[in-house]
Amino acid sequence: MPTIRYPTRPFADQKPGTSGLRKKVRVFEQPGYAQNFLQSIFDVVARPEGATLVIGGDGRYYNRTVIQLAIRIAAANGYARALVGRGGLLSTPAVSHLIRKYGASGGVILSASHNPAGRDGDFGIKYNIANGGPAPEAITDAIHARTLVIDRWLAEDAPDIDLEQVGQYRVGTMDVEIIDPVQDYAELMEELFDFSVIRGAVAEGLTMAFDAMHAVTGPYAVEILEKRLGFAAGTVRNAVPLEDFGGGHPDPNLVHAHELYALMMSDAAPDFGAASDGDGDRNLIIGRGCYITPSDSLAMLAANAHLAPGYAGGLRGIARSMPTSAAADRVAADLGIACFETPTGWKYFGNLLDAGMATICGEESAGTGSDHIREKDGLWAVLLWLNILAVRKMSVDALARAHWARFGRNYYARHDYEELPVADADKLMDAVKAELPSMPGTKFGDIEVTLADSFTYDDPVDGTSSVNQGVRICFADGSRAVFRLSGTGTEGATLRVYLERYEPPQGIIDATPSEMLAGLASVVELIADVQTHTGRAGPDIVT
Ligand code: G1P
Ligand code: ZN
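Predicted, not measured: the structure shown is a model, and the values here were computed from it.

(A) The arrangement of the pairing of strand β4 (residues 81–89) in detail. Taken across its nine residues, β4 has seven buried, putting it largely inside the fold. In terms of strand pairing, strand β3 (residues 52–57) meets β4 through five bridges, oriented parallel. Following the sheet pairing, I55 is matched in β4 by V84. The parallel pair β3 and β4, bridged by helix α3 (residues 63–76), forms a crossover whose chirality is right-handed. In this sheet, strand β9 (residues 174–179) lies alongside β4 in parallel orientation, the contact comprising five bridges.

(B) Representation of the coordination of the zinc ion (ligand 2). Bound to the zinc ion (ligand 2) are the protein donor atoms S113 (OG), D277 (OD), D279 (OD) and D281 (OD), situated 2.0 to 2.1 Å from the metal. When the donors of the zinc ion (ligand 2) are listed by position in the chain, the intervening gaps give S-x163-D-x1-D-x1-D. In this pair, the class of D277 matches that of D279, namely buried.

(C) Here's a closer look at helix α4 (residues 92–101). Extensive coverage of α4 is indicated by the burial of eight of its 10 residues. Taken together, the buried positions of α4 are occupied by T92, P93, A94, V95, S96, H97, L98 and I99. Buried residues along α4 sit against β3, β5 (106–110), β6 (122–129), β9, α6 (183–192) and α8 (217–228). Directly after α4, the chain includes G103, whose backbone phi takes a positive value near 60°.

(D) Seen up close, the layout of surface pockets. In this structure, the second largest pocket spans a volume of roughly 910 Å³. As for the second largest pocket, its lining consists of 32 residues, of which G17, T18, L485, S486 and G487 are closest to the centre. Within the residue set of the lining of the second largest pocket, elements represented by two or more residues are β2 (21–24), α5 (137–147), α15 (422–435), β25 (480–485) and β26 (493–503). Top element by residues in the lining of the second largest pocket is α15. It accounts for five residues. Residues belonging to the lining of the second largest pocket are distributed by class as follows: seven nonpolar, 15 polar and 10 charged.

(E) The arrangement of the site of ligand 1 in detail. In the vicinity of ligand 1 lie 14 residues, with S365, S486, G487, T488 and R496 positioned nearest. In this structure, an oxygen atom belonging to ligand 1 sits 2.7 Å away from a side-chain N or O atom of E363. Here an oxygen atom of ligand 1 and a backbone polar atom of G487 are 2.6 Å apart. Protein contact buries 98% of the 380 Å² of open area that ligand 1 shows by itself. For the shell around ligand 1, the residue count by class is no nonpolar, seven polar and seven charged.

(F) Here's a closer look at the sheet that holds strand β10 (residues 208–211). Across the sheet, which stays open at both edges, the five strands sit in the order β11-β10-β12-β13-β14 with mixed pairing between neighbours. This sheet does not close on itself; its edge strands, each paired only once, are β11 (236–237) and β14 (290–292). One ladder, built from three bridges, connects strand β13 (residues 283–287) with β14; its direction is antiparallel. When the bridges of β14 are listed, I286 appears paired with Y291. Contacts between helix α10 (residues 294–304) and the sheet are confined to β13 and β14, with β14 contributing the most and set at about 80° to the helix. Of the strands in this sheet, β12 (272–276), β13 and β14 touch helix α14 (residues 396–407), which is tilted by about 60° from β14.

Rules used in this analysis
- Residues numbered from 1 in each chain as written.
- Chains lettered and ligands numbered in written order.
- Predicted model: local features only at pLDDT ≥ 70, side-chain atom pairs only at ≥ 80, totals over all residues.
- Heavy atoms only, no water.
- Buried < 20%, exposed > 50% of the residue type's maximum accessible area, 1.4 Å probe, protein only.
- Helix = DSSP H or I, 4+ residues; strand = E, 2+ residues; numbered from the N terminus.
- Pairing = 2+ DSSP bridges.
- Right-handed = clockwise from strand over helix to strand, strands pointing away.
- Donors = N, O, S within 2.8 Å, 3.2 Å for Na, K, Ca; no water.
- Contact = heavy atoms within 4.5 Å.
- 1 Å grid on protein atoms, 1.4 Å probe; cavity = no way out; pocket = protein on both sides within 12 Å on 5 of 7 lines; lining within 4 Å.
- Points joined across faces, edges and corners; volume = space filled by probe spheres on them.
- Nonpolar A, V, L, I, M, F, W, Y, C, P; charged D, E, K, R; others polar.
- Near = heavy atom within 4 Å.
- Polar contact = N/O pair within 3.5 Å; in protein donor to acceptor, adjacent residues only side chain to side chain.
- Areas by Shrake-Rupley, 256 points an atom, 1.4 Å probe, with all protein chains shown as cover.
- Axes fitted to C-alpha atoms, helices over the stretch in contact; angles between N-to-C directions.

Right, dumping it as structure tokens:
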């Protein structure tokens, strides 16, 4: 089978965002579009002699097509071996683990995370490096630069292979192994968590509902929760991955996982409710009658992680993205360990994890994970919660109340304004940035601004500096407002406004976030004129 050199021309719009290249399926369907991007990756990334590449995706429409392409292009570019998930499926955390376990030089993940799928939906390509984590900016910038000058892509002239069964193939000089997507990941979870204590709690009556949202986590959750931990059949809902995710939007938040939320707030609620997103890296945690924000979840997991065997030795540090609430900071202070504040996006945690400076990381956007891999991990968070609940023999609600009574409570909400005209969103951000220097010392009602800046992160490991990572305005009472524009949308601009207010342990720990944040929301309106700039009466989504 010869290698064919296909002439091509650059596309001007292949700049990766927060999490790889994400576009509408119809953009990816342009002749040469996916090929150019894959070839640009392989032109740029490190590939030692005998290199292995992991390939898989979240099962969305176009996944299988691009997997076949990726196999042929990887073979033509000199990879010795490709590990491909059966059915083209691999969750993002599973790819990260496989890269590390089998010493692969990298992995290609086909996913647009929680964005809707189907022919009219979104598609995406991400590249992860040899440590298992997302390619850092220097690499994604180099890939982008390459896409702008590319003039050919290479592919083996080979037929499609059968992705639906475990098996071995040869494409050109590359070995292709179609592997069970779940096996290695499930084994890793058994090493980290005490499955027997969880099984014991299930036998004593612990119940749960897991919504896989017709995306990639279905097979993982069925194997781990139902088969290995003994939860009843049917515990995993919407368990079969579908190319259009059943028409849904697999973002595990209260808006898109509303059925699960309604169940958990009803009399029929099981003890524990959870969901994951399109590619399996996010998580939603809801107790019976008690929703846990991702920021609180990070803090509560960090405070109790030592109860799971994988973390029995304690944590070395905690890292959270800047817009994530400071709840975890209080746990870190109590444990006497560092808490790092990084820009949005999992890639910024990689260095801290590699250097052994942080053990647990999290983002307000429902991403939590640890040094077991280099991605956030939805099922991992669910299993750590289950392990903690099984050991402490208490409900989610009781655990949360005990946590707030000890550390205080960070009331938190994120307001999203979606599909704004880019120019309007930029204008709002520019206007807020222009006010920053004069803000400290200004009083809004009775709260005074103590700090107002555009967040810069200086990586303590490699010394690189990332500027313009969101505007933060902090107030004397510990409240904070953050403004940033999303880097993952595919249409227009999305403005995210993050609101946070801290109540100490002896303060109010029993109110709703909207009650507690109403005052701060009015101050934000005064500062940023969101309504005027966006022409919207309120946010599209509040999480
Ligand atoms: C969003 C989240 C961010 C997360 C990213 C990838 O990015 O806010 O925390 O890392 O998706 O899952 P954004 O759209 O805000 O740039
Ligand atoms: Zn995701």
